[in-house]
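# Inside the fold
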Amino acid sequence: MTFDIRPATAQEMGQLGLMGAYSYGGAFGDGPNNKVATGTRPEWTLCAFDPERIQADGQATMATSFSAFPFTTRVNGRGVAMAGISTVGTRPEYRRRGLVRQIITRAFAQQRERGQSVAGLWASQAAIYQRYGFAPAGGLREYNVDTSDINLLDQGEEPIVQRFDGVEALDAVRQIYKEFIAQRTGYLHRSKSLWLNNVLAPPTEDGPVYVAVVGSQTAPTGYLVYTLRAHRVAHKSRGQEIRVRDFAWLDKTAYTALWRYLARHDLVGRVVWNTAPVDDPAPDIFVEPRMLHTHDLEGTWWRLVDAPAALAQRGYDVEGSLVLRIAEDDLAPWNVGSWRVEYGPEGAEVITTHGAADVTVSIRALSSLYSGHSSARHLANARLIDVTDETALARFDQMLRTRFAPHCPDHY
Ligand SMILES: CC(C)(COP(=O)(O)OP(=O)(O)OC[C@H]1O[C@@H](n2cnc3c(N)ncnc32)[C@H](O)[C@@H]1OP(=O)(O)O)[C@@H](O)C(=O)NCCC(=O)NCCS
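Quick caveat, the model's predicted, so the values are computed rather than measured.

## Notes on the overall build of the chain
Helix and strand counts for the chain come out as 12 helices and 19 strands. Against the compact-globule benchmark of 22 Å for 412 residues, the chain has a radius of gyration of 23 Å, which places it among compact chains. Taken along its principal axes, the extent of the C-alpha atoms in the chain is 65 × 60 × 35 Å. Per-residue burial over the chain gives 41% buried out of 412 residues. Pairs at least 24 apart in sequence give 71% of the contacts found in the chain among residues at least 6 apart.

Written out as structure tokens, the structure reads:
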């Protein structure tokens, strides 16, 4: 059977919505106009259609849905164009025929042409994407803490913290977020619609969306986006629950002020923040860190689509030069070869070379190192990369380190 692989038309977006409804079990809505369909544009999709199975309205049946948001992400202080893959699903009757493999092969070539050197996604199952070279790019940390257990080592200053309703504080919040993510890795440049559809999305069963802002509206230094709801905790006097949706700060004073703000919610028996970065400093400032009830979860996955371009675009903290070899890449053959990377805080240049390689890596290992999720030392200890000698390993290890642990709090 031959399938047509092409973007969906505007008229076919209802089918995309229904594919998403089925694949995700209704998590984003059931009807054809659910969040899956309305949050995506036809030109961002690449789907498979069965031309022999025509529906009542004359449309060919969508067998596989696939889309990629044109995002920009941060990588150690620099912006990198990223394809945010989403809406991946094949109707059960067409599964295991290689449709996703065909689509992803074509999508990588398109993404490279569009200058998207990295692909990112949230995996429903790691097994689906590891075979395509995707590697973890950070984690999610969950805290689950009773407000009566929020006691900090350092009481510090008491700046003003003011509460606003939902989008009322959007300008202040955007300003802080932009500065907060500048040196970090994995965070997305959030468009206004991403703010409105994700972090500030209208009330859910968790309660209305509130925003606490530290400092003045013109010079804010931190914020917390959260919901608050009663009857969530089995506690005689503190039955309310706060769910933190987003938390950003520019200095320690703002960070501690926001935890103290949470602590003053005497009727709240549980604060849940399940999108914290793994290097979040709460355990360093809590008197009893174990009362955070920390739990680590999987985060996003990245794959270098255009490895030389991605390496040239990312930020580096040290200066140096290294030749790395990518021996094979079936899905993105343009990555194969030896690449000399001249890197430094001012930028990087990547050129093809016939010189001897210092390091040989798989595309999956390089994708994991690129975000700073793994270190070269760790992968070399596990014999997952080949390094000529100890000096090359030390250089490679330093080269790809990131200032912060990679992290993406936005689900897409
Ligand atoms: C995952 C899914 C999209 C795969 O679609 P598909 O068209 O069957 O994919 P393919 O036939 O191209 O399979 C791709 C590869 O992944 C493997 N694979 C597919 N689903 C898998 C699974 N659940 N676990 C392990 N391996 C899987 C296949 O064996 C195949 O391997 P190969 O390319 O080495 O031969 C489909 O099963 C689906 O819709 N699942 C439910 C929704 C979902 O999980 N979507 C992903 C959201 S992030």
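Don't stop here, the text continues.
## Digging into the site of the ligand
Not every one of the 18 residues close to the ligand is listed here, only the nearest: Thr-90, Arg-95, Leu-99, Val-100 and Ala-127. Considering only residue class, the shell around the ligand consists of six nonpolar, seven polar and five charged.

## Structural notes on the sheet that holds strand β8 (residues 161–165)
The mixed open sheet is built from seven strands, whose spatial order is β8-β9-β10-β11-β12-β7-β13. In the strand order of this sheet, the two ends are held by β8 and β13 (295–298), each with one partner. Going from strand to strand, the sheet's axes swing by 25 degrees on average, the running direction of each strand aside. Bridge count between strand β9 (residues 209–215) and strand β10 (residues 220–229): seven bridges; the pairing is antiparallel. Following the sheet pairing, Val-213 is matched in β10 by Tyr-223.

## Some remarks on the domain arrangement of the chain
We note that the domain assignment places domain 1 (4–116), domain 2 (140–298) and domain 3 (302–399) within the chain. Summarising the inter-unit geometry, the C-alpha centres of domain 1 and domain 3 are found 31 Å apart. Contact with domain 1, which involves 12 residues of that partner, is made by 10 residues of domain 3. Only β4 (78–90) and α3 (99–113) provide two or more residues apiece to the side of domain 1 that touches domain 3. No other element matches the five residues that α3 contributes to the side of domain 1 that touches domain 3. In terms of residue class, the side of domain 1 that touches domain 3 is made up of five nonpolar, five polar and two charged.

## Looking at the environment of Leu-331
Within the element layout of this structure, Leu-331 appears in the loop between β15 (320–326) and β16 (337–344). Considering only alpha carbons, one finds Leu-331 and Leu-188, 143 residues apart in sequence, at a separation of 25 Å. Residue contacts for Leu-331: discarding those within four places in its chain leaves Ile-104, Thr-105, Phe-108, Tyr-132 and Gly-133.

## Quick word on the environment of Phe-69
Along the chain, Phe-69 turns up in strand β3 (residues 60–75). For the pair Phe-69 and Trp-259, spaced 190 residues apart in sequence, the C-alpha separation works out to 34 Å. If we ignore the near neighbours within four places in the chain, the residues touching Phe-69 are Trp-44, Gly-84, Ser-86 and Tyr-412.

## What to know about the sheet that holds β15
What the five strands build is an open sheet, ordered β17-β16-β15-β18-β19; its pairing is mixed. The open sheet has two edge strands, β17 (347–352) and β19 (386–387), and neither has a second partner. Where β15 and strand β18 (residues 359–361) come together, three bridges link them in parallel fashion. Of the residues in β18, the one forming a bridge with Arg-325 is Thr-360. Helix-sheet contacts for helix α12 (residues 390–399) involve β15, β16, β18 and β19, and the interaxial angle to β15 is about 95 degrees.

## Some thoughts on unusual backbone geometry
One non-glycine residue, Arg-96, lies in positive phi territory at about 60 degrees. When the 8 C-beta atoms within 10 Å are taken as the criterion, Arg-96 is described as exposed. The backbone phi angle of Arg-383 is positive, close to 60 degrees, even though this residue is not glycine. Here Arg-383 is to be found in the loop between α11 (376–381) and β19. Note on Arg-383: 7 C-beta atoms within 10 Å, which makes it exposed.

The rules behind each value
- Per-chain numbering applies: the sequence of each chain, read as written, is numbered from 1 onward.
- pLDDT decides what is reported in this predicted model: residues at 70 or higher carry local features, side-chain atom pairs at 80 or more are listed and counted, and totals for whole chains, interfaces and linings draw on all residues regardless.
- For the purposes of this entry, the term helix denotes a DSSP run of H or I that reaches at least four residues, the term strand denotes a run of E that reaches at least two, and both are numbered from the N terminus.
- Based on C-alpha atoms, the radius of gyration is set beside the globule rule, defined as 2.2 Å times the residue count to the power 0.38.
- Neighbour density around each residue's C-beta defines its exposure: 20 or more other C-beta atoms within 10 Å make it buried, 12 or fewer make it exposed, and counts between make it partly exposed, where C-beta atoms are placed from the backbone.
- Here, residues touch in the contact sense if the C-beta positions derived from the backbone fall within 7 Å of one another.
- Working rule for contacts: place C-beta from the backbone, and if it is within 6 Å of a molecule or strand, that residue counts as near it.
- Three residue categories are used. Nonpolar comprises Ala, Val, Leu, Ile, Met, Phe, Trp, Tyr, Cys and Pro, charged comprises Asp, Glu, Lys and Arg, and polar comprises the others, including Gly.
- DSSP bridges decide pairing: two strands pair if at least two such bridges lie between them.
- Inter-axis angles, ranging from 0 to 180 degrees, are taken between N-to-C directions of lines fitted to C-alpha atoms, where helices are fitted over the stretch in contact.
- Note that the domain bounds were set by an automatic or database domain assignment.

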